[in-house]
Amino acid sequence: LINRVVAPERVLDEALALAARITANGPLGVRATKELMRLALGATLREAEQRQAVLQPQVFSSEDAKEGSLAFVEKRAPNWKGR
């Protein structure tokens, strides 16, 4: 996937900055997103939708989902636990 086009000398800096933004998110959501992106490369739309239907409730009902919402309301950084 291409997120943006940058000068060759900026590629590593931009990649590291994007990686930092991704890893600042909840690990369960990041893991589910990565799984769905890999699945999309070789699966049908129906297969991807079926897998998403399994993963989405798991992520949205997790402790991390509650922590993310609470942290947002309290205007603080979330403390992810991966569960």
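Nothing here was measured: the structure is a model prediction, and the numbers come from that model.

Chemist: Outline the side chain of serine 62, listing residues and values.
Modeler: Along the polypeptide, serine 62 turns up in the loop between helix 3 (45–60) and helix 4 (63–73). Its relative accessible area of 7% is what places serine 62 among the buried residues. Polar contacts involving the side chain of serine 62 include one to the main-chain carbonyl oxygen of valine 59, which spans 2.7 Å. Non-local contacts of serine 62, meaning those with residues more than four positions away in its chain, are made with Leu28 and Arg83.

Chemist: Give a detailed account of the pattern of salt bridges, specifying residues and quantitative values.
Modeler: Scanning all chains against the criterion turns up 7 salt bridges. Glutamate 74 is paired through a salt bridge with arginine 76; the nearest N and O atoms lie 2.6 Å apart. The structure contains a network of salt bridges with shared partners spanning Arg4, Arg10, Asp13 and Glu14.

Chemist: Now, about the environment of glycine 68: what can you tell me, with residues and values included?
Modeler: In this structure, glycine 68 sits in helix 4. You can call glycine 68 partly exposed: its relative accessible area is 22%. Between the C-alpha atoms of glycine 68 and threonine 23, which are 45 residues apart in sequence, the distance is 14 Å. In contact with glycine 68, not counting residues within four places along its chain, are Pro78 and Trp80.

Chemist: Now, about helix 4: what can you tell me, with residues and values included?
Modeler: Within the span of helix 4, buried status applies to Asp64, Glu67 and Ala71. One side of helix 4 carries all its buried residues, which in axial view fall inside an arc of 55°. Facing away from the buried side of helix 4, by more than 90 degrees, are the exposed residues Lys66, Phe72 and Val73. Contact partners of the buried residues in helix 4: helix 2 (27–40). Downstream of helix 4 by one or two residues, lysine 75 has phi in the positive range, about 55°.

Chemist: I'd like to hear about the packing of helix 2 against helix 3, residue by residue, with values.
Modeler: In helix packing, the relevant descriptors are the interaxial angle and the interaxial distance, both defined with respect to the helix axes. Helix 3 packs onto helix 2 with a crossing angle of 175° between their chain directions and a minimal axis gap of 10 Å. With respect to helix 3, the element helix 2 is oriented roughly antiparallel. Counted together, Leu28, Gly29, Ala32, Glu35, Leu36 and Leu39 of helix 2 and Glu47, Ala48, Arg51, Gln52, Leu55 and Val59 of helix 3 form the full contact between these two elements. Residue composition of the contact of helix 2 with helix 3, grouped by class: 7 nonpolar, 2 polar and 3 charged.

The rules we used
Residues numbered from 1 in each chain as written. Predicted model: local features only at pLDDT ≥ 70, side-chain atom pairs only at ≥ 80, totals over all residues. Heavy atoms only, no water. Helix = DSSP H or I, 4+ residues; strand = E, 2+ residues; numbered from the N terminus. Buried < 20%, exposed > 50% of the residue type's maximum accessible area, 1.4 Å probe, protein only. Polar contact = N/O pair within 3.5 Å; in protein donor to acceptor, adjacent residues only side chain to side chain. Contact = heavy atoms within 4.5 Å. Salt bridge = Lys/Arg side-chain N within 4 Å of Asp/Glu carboxyl O. Arc of directions from axis to C-beta. Axes fitted to C-alpha atoms, helices over the stretch in contact; angles between N-to-C directions. Parallel < 35°, antiparallel > 145°, perpendicular 65-115°, else oblique. Nonpolar A, V, L, I, M, F, W, Y, C, P; charged D, E, K, R; others polar.

Distances and angles like these do not, on their own, reveal function.
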